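# Coordinate analysis (summary)
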Amino acid sequence: MLVSTNWLSNYVDWNELSIEELAEKITRAGIEVDGIIDRSFGMDHIVIGHVNSCVKHPEADKLHICQVDVGGEISQIICGAPNIAEGQNVIVARPGAVLPGGMKIKKAKLRGEESNGMICSLQELGIEGKLVPKAYAEGIYVLPNDVRAGDSALTHLGLYDRILEFDLTPNRSDALSMLGVAYEVGAILSKDIKLPEISYSASAEKAQDVLKLSVEAAEDNPMYVAKVVKNVKVAESPQWLQNTLMSAGIRPHNNVVDITNYVLMEYGQPLHAFDYDRLETKEIVVRHAREGEKMVTLDQVERTLHDHQLVITNGKEPVALAGVMGGANSEVYEGTTTVVIESAYFAPGSVRQTSKEVGLRSDASTRFEKGVDPNRVAEAAERAAQLMAELAGGEVLEGSVTFDELDKTPEKIILSPDYVNNRLGMKIAMDEMKTIMDRLQIPTELINGQLVMDIPTRRQDLKIKEDMIEEIARLYGYDEIPKTLPVVESTPGGLTPYQAKRRIVRRYLEAAGLSQALTYSLASPKDAQAFALETAPVTKLLMPMSEERSVLRQSIIPHLLDATTYNVARRNESIALYETGSVFLGIEEDGLPKEVEHVAAVLTGKWVHHAWQGETKKVDFFVMKGIVEGLFEQLGLLERLQFTKATVDQMHPGRTATVWLDDQSVGIIGQVHPTVQHQRDLQETYVMEMNLQSIMQTATEELLYEAVPRYPSISRDIALVVDRDTSAANLEKIIQQAGGKLLKKVQLFDLYEGKNVEEGTKSVAFSLTYFDPERTLTDDDVVKAHSKVLDALTVQANAQLRS
Amino acid sequence: MKEQLHELKEQVMLKIKESHTVKELNDVRVAYLGKKGPITDLLKGMGKLPAEERPKMGALVNEIRESVTAILEERKEILEQQAIQEQLENESIDVTLPGRPVELGNHHPLTRVVEEIEDFFISMGYEIAEGPEVEKDYYNFEALNLPKGHPARDMQDSFYITEDILLRTHTSPVQARTMEAKDGAAIKIICPGKVYRRDSDDATHSHQFTQIEGLVVGENIRMSDLKGTLDLLAKKLFGAEREIRLRPSFFPFTEPSVEMDISCFKCGGTGCNVCKKTGWIEILGAGMVHPNVLEMAGYNPEEVTGFAFGMGPERIAMLKYGVEDIRHFYTNDIRFISQFHRSEA
């Protein structure tokens, strides 16, 4: 909403404040003033000129040499506008003027002819092209005859005005009119406001004798008022009216249309003007459209209508799409002599739906959508009639043609001061609350210690007690509210064990060198199920914005790979990222997808890189595995963790494992399939993804102190040659089982394949630690236990001992 | 013999002086004081001396031996010192060579902001509540006083899965669910999480972003409590000198509703490019829980009141760290993410 402060002055006197102070007060009271526009843009030396003569420039086809009276002085000015002509009154920017676009006007020579200034269009004065009357849109602006050369053009055009740009919240539709703004400013400044006085002399002829009205859709149109004005002379509006409309962001057309727009902005009540003669039937019928019915709207577009859309008809065919746009067939034009003014209440939902369906949002439809003030429907029609009499020479017929089933009674709200103060944490006296209601012009009585308020229909946002608390607080001043802290039943607060573990997981992964990524939950269908830990139907959006983000992800890995490719393409070649977040699996019984929190990670490039010491190591499977093991260790689950070789789509068949927690498969780990790496422009890349929820919901064992050993332990190393396919885990298991209770630790410390080892076999070495917490072990004890281990390895794994 | 002894001493002294290493010195010691050395020989030869001269000569030999030993020791210490010096010199390194970096990862900047806010509220006795990202229309809208047909809930603005299921557009459904679950009991929660809106991604919009909301419900919860709470939060996030101001605003789920501005942390309120010359920066929206919302969750709004507030970690991170484009948070450019590992406390 653009609020001209000049126009506002007609209704409320705010002039003891600076405009900045006014804007600040309005903002603090609840309507955000986004900006202040100075329509003069600080211009100077802009005067009215009279074109005494205008001849073609001898050297240039499109230029004219004009002798312009700029007030007691004749100036020669070269003008290139197509519509320049002798006898016109025009806007002249004299040398020294600076236009809003930054152009500085100087004396100049154009093709050898002197030019002392510039004849201006409105656009050149900073008025948006879409607001310039169509007649002058392509050239200079021509002023009426009754102006005086040498006077300030800015004054004449009303440009010494500053505009407040309101950013209105959706509830404050009352401020979509100048009167609404006046009430607000009046309340803020404790000032009375001046409403327009409506008076005109009506003709003896009665409106209802020349126009019939029937409303067949009262639920969508509970009130309709039509007035008839005869002998109208359609012409350009007086300058002040054009100026006022342009200041409000509306393009002037002709006096009749301009008056309806003026009243729209003044009262917030949209009006429509029909050409009475073009209605042909002397009848208005409001009804729902017939399915498939067609009409051509003012913008010359033929529209096919639906049967829930409300139309105004002449009894035969639609003449307007109610509240949205008029029809071309009944439009006021220069030959119009009799005008029907329509002022109505159209149901907000109906207008909202229709304007959305036809894709038309206008100043009118936005106001109907919010609900106009029922008590201003008739008054606005009267105001328009008055202005048509005054400004278009019209003769207003007596009375109106009216349909009215609209409830106009004000809501009553009863409020006790305690209710207010208890919710604000303040002590505002009842009298002060009453004063605030007086400022808001909300009729209020004090009955039995309560405020009894009749809420004017112009404030449709005020419905419940809490609304009134806000009114009181905002005008009393939010700065006056003290700062306290809530007193509720005391709770310890804190993270749940699950949330605490999530933080542990994140911190651990970061300590391990991975940075946290954050990627989108929406994915492309081709990525949706890739790397997913379980098979589930894909959840699709009804109206995606793009294919790329049309379904919910079932795995985090694809987006992490995207992030990796992005980074690698920018020469960040070593990447270590992780993410925790939800994946979405199918649809549960309650209609929502199963949301499961996962953790995923990606590694590529170098893991250790310390160049000048010549130490570099690329990431590999075991780096990622170590990270996973460390994570389980952190969560006290390392003992229950296992890896088994696995085949997963898009992963390297020889370098991929399933991650097991006890007998539950909780994730995957491995290298991305070389083909996929290639497609994604990646080098060797390792990923893992695990169901974090399953892992974190598994109770960890209590952390208990284990006695620090008092007796020494004894270590024995063994080197074995086994089949290449024998897994380390299998060997370790055999050792563990055979070693008995004295065997405390088994650690693989060497692995070798190749020269000196028979093909198809490998050499593995373990270090075994024996320990008894009760006593010092003897050699005998160890030999006994160790030989059992060696036997078991020989028998169960067909291992050959290496000396 | 006496002369012989003195001559010997002179000789040893010279040899000691000429020794430049501990080993050479040791050789000297062995050569002169050892079992086969001349001094031992001399002592052995004492028997040939007349008895009366023996004690005198014996004392002299001992004296010489002791003094040679002392000098040897002295020299040994010097040589050892020299050896250590030499070793240290050889071991000397260029301390300006780069150290071995400790490769730590770090939090995403949004997690950093969210955890800071969480921890602040935990210290004030709040719990963290979480809920599904795909929500029922009921919890996302209806329970929050946005009935069907409300203009603020256009299908165009949200990602719907079905008519009744959508990606949540705010974290407020967690509040609705918590209120419903608490069955009339008092509440003090913070709800962080991802939310989704049908916006095209640009410098200031992201179809996925994060929110963190707070909710307190109980008897006698007042707007002054909201103001006091937000004041502490502003000071925690943006510095102890921050002032706050509340401006009336509108949200369907609160009444009265406010927006909170903080005094500009860059210019302190005098006006700069961060606060767009106003001295104030808009940080969050808040208000007293709308009676309809309380009622739908089973509270009696005549007896129980509450306040709620919500903010965008993206906006806070953008302000705190001077990030100019919201898309940085979701691009996962390592050059961006890795800038957020420094601690600030």
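Each chain carries its own residue numbering, running from 1 in the direction its sequence is written. The lettering of chains begins at A and the numbering of ligands begins at 1, in the order of writing. Local features in a predicted model are, by the rule used here, given only for residues with pLDDT of at least 70; side-chain atom pairs are given and counted only at 80 or more, and totals for whole chains, interfaces and linings are based on all residues. Remark: hydrogens and water are excluded; side-chain values derive from all non-hydrogen atoms of the structure.

## What to know about the sheet that holds strand 19 (residues 310-313) of chain A
Residues and elements named next belong to chain A. Here is the rule we go by: Should DSSP find at least two bridges between two strands, the strands are regarded as paired. Labels follow the DSSP assignment, with helices taken as runs of H or I lasting at least four residues and strands as runs of E lasting at least two, numbered in each case from the N terminus.
With mixed pairing, the five strands of this open sheet are ordered in space as 13-16-19-20-21. At either end of the open sheet lies a strand with only one pairing partner, and these are strand 13 (212-215) and strand 21 (325-326). Direction of pairing for strand 20 (residues 318-321) relative to strand 21: antiparallel, over a ladder of two bridges. Each bridged residue has a counterpart across the sheet, and for Leu321 the counterpart in strand 21 is Met325.

## Describing the packing of aromatic side chains
Rules: Pairing of aromatic rings covers Phe, Tyr and Trp, the last through its six-membered ring, and needs centres within 6.5 Å; plane angles under 30 degrees mean stacked, over 60 mean edge-to-face, and all others mean tilted. Remark: a charge is flagged as sitting over a ring if the NZ atom of Lys or the CZ atom of Arg is within 6 Å of the ring centre and within 35 degrees of the ring normal.
Tallied over the entire structure, the rule returns 16 aromatic pairs over all chains. Taking the centre distance of 4.8 Å and the plane angle of 75° together, the rings of Tyr136 of chain A and Tyr141 of chain A count as edge-to-face. Aromatic ring contacts, followed pair by pair, group Phe120, Phe121, Tyr126, Phe307 and Phe309 of chain B into a single cluster. If you follow Arg423 of chain A out to its NZ or CZ, it ends over the ring of Tyr419 of chain A, 3.6 Å from the centre.

## With respect to a negative patch on the surface
Here is the rule we go by: What makes a patch is a set of residues exposed beyond 30% relative accessible area and free of salt bridges, joined within 9 Å when like-charged and within 5 Å when nonpolar (Val, Leu, Ile, Met, Phe, Trp, Tyr). All accessibility values rest on the Shrake-Rupley procedure with a 1.4 Å probe; residue burial counts only the protein chains present in the view. The term salt bridge refers to a side-chain nitrogen of Lys or Arg lying within 4 Å of a carboxyl oxygen of Asp or Glu. In summary, the charge assignment counts Lys and Arg as positive and Asp and Glu as negative, without counting His or the chain termini. Charge positions come from single atoms, namely NZ of Lys, CZ of Arg, CG of Asp or CD of Glu.
A grouping of Glu73, Glu74, Glu77 and Glu80 of chain B is seen on the molecular surface, where their side chains present a negatively charged patch. Counting through the fold element by element, Glu77 of chain B comes out in helix 4 (residues 53-91).

## Quick word on the pattern of salt bridges
Short version of the rule: The cut-offs for exposure are 20% and 50% of the maximum accessible area for each residue type, with area from a 1.4 Å probe on protein chains only; residues under the lower value are buried, those over the upper are exposed, and the others partly exposed.
Across all of its chains, the model carries 67 salt bridges over all chains by this definition. A salt bridge links Asp225 of chain B to Arg222 of chain B; the nearest nitrogen and oxygen atoms lie 3.0 Å apart. Using a relative accessible area of 0% as the deciding quantity, one classes Asp225 of chain B as buried. Note on Arg222 of chain B: relative accessible area 21%, which makes it partly exposed. As a salt-bridge pair, Arg327 of chain B and Asp325 of chain B come within 2.8 Å of each other at their nearest N and O atoms. Within this structure, Arg172, Asp174, Glu184, Arg459, Asp461, Glu471 and Arg474 of chain A form a network of salt bridges that share partners.

## Some words on the sheet that holds strand 27 (residues 450-455) of chain A
To summarise the sheet geometry, strands pair through backbone hydrogen bonds and adopt either a parallel or an antiparallel arrangement. All names here are of chain A. Our working definition: All axes here are fitted lines through C-alpha atoms, helices being fitted over the stretch that makes contact, and every angle between N-to-C directions spans 0 to 180 degrees.
Across the sheet, which stays open at both edges, the three strands sit in the order 25-27-26 with antiparallel pairing between neighbours. Strands with a single pairing partner mark the edges of an open sheet, and in this sheet they are strand 25 (411-415) and strand 26 (444-447). With direction set aside, neighbouring strand axes in the sheet form an average angle of 20°. Judged from the four bridges that link them, strand 26 and strand 27 form a sheet pairing that is antiparallel.

## Quick look at the domain arrangement of chain A
This is how it is decided: Domain ranges listed in this record stem from an automatic or a database domain assignment.
Segmenting chain A into domains produces domain 1 (2-36 + 164-189), domain 2 (46-156), domain 3 (203-404), domain 4 (415-479), domain 5 (497-697) and domain 6 (714-802). If you average the C-alpha positions of domain 1 of chain A and of domain 2 of chain A, the two centres end up 35 Å apart.

## Remarks on the interface of chain A and chain B
Interface size is commonly expressed as the accessible area that is lost once the parts come together. Cut-off, in case you're wondering: Only heavy atoms enter the contact rule, under which two residues are in contact if any of them lie within 4.5 Å. Joining two parts hides part of their accessible area as seen by a 1.4 Å probe, and the buried area is that hidden amount summed over both. We define a polar contact as two N or O atoms separated by no more than 3.5 Å, with the added condition that, inside protein, one atom must be a possible hydrogen donor and the other a possible acceptor, whereas residues neighbouring each other in sequence contribute only through side-chain atom pairs. Polar here means any residue other than Ala, Val, Leu, Ile, Met, Phe, Trp, Tyr, Cys and Pro, which are nonpolar, and Asp, Glu, Lys and Arg, which are charged; Gly is therefore polar.
Across the contact, 89 residues belong to chain A and 95 residues belong to chain B. For the chain A and chain B pair, buried surface summed over both sides reaches about 7,500 Å², with 55% attributable to carbon and sulfur atoms. If you sort the residues of chain A by the area they bury against chain B, Leu518, Tyr520 and Met545 of chain A come out on top, with a joint share of 9%. Linking chain A with chain B are 12 salt bridges. A salt bridge links Asp231 of chain B to Lys483 of chain A; its shortest N-O distance comes to 3.5 Å. In this assembly, chain A and chain B are joined by 44 residue pairs in polar contact (both at pLDDT 80 or more). Of the residues assigned to the side of chain A that touches chain B, the class counts are 37 nonpolar, 25 polar and 27 charged.

## Topic: helix 10 (residues 313-321) of chain B
Residues and elements named next belong to chain B. What helix 10 keeps buried is the set Pro313, Glu314, Ile316, Ala317, Met318 and Leu319. Residues of helix 10 that are buried sit in contact with helix 5 (109-122), strand 5 (208-219), helix 8 (223-238), strand 8 (280-289), strand 9 (304-311) and helix 11 (328-331). Count one or two residues on from helix 10 and you reach Gly322, which has phi positive near 70°.

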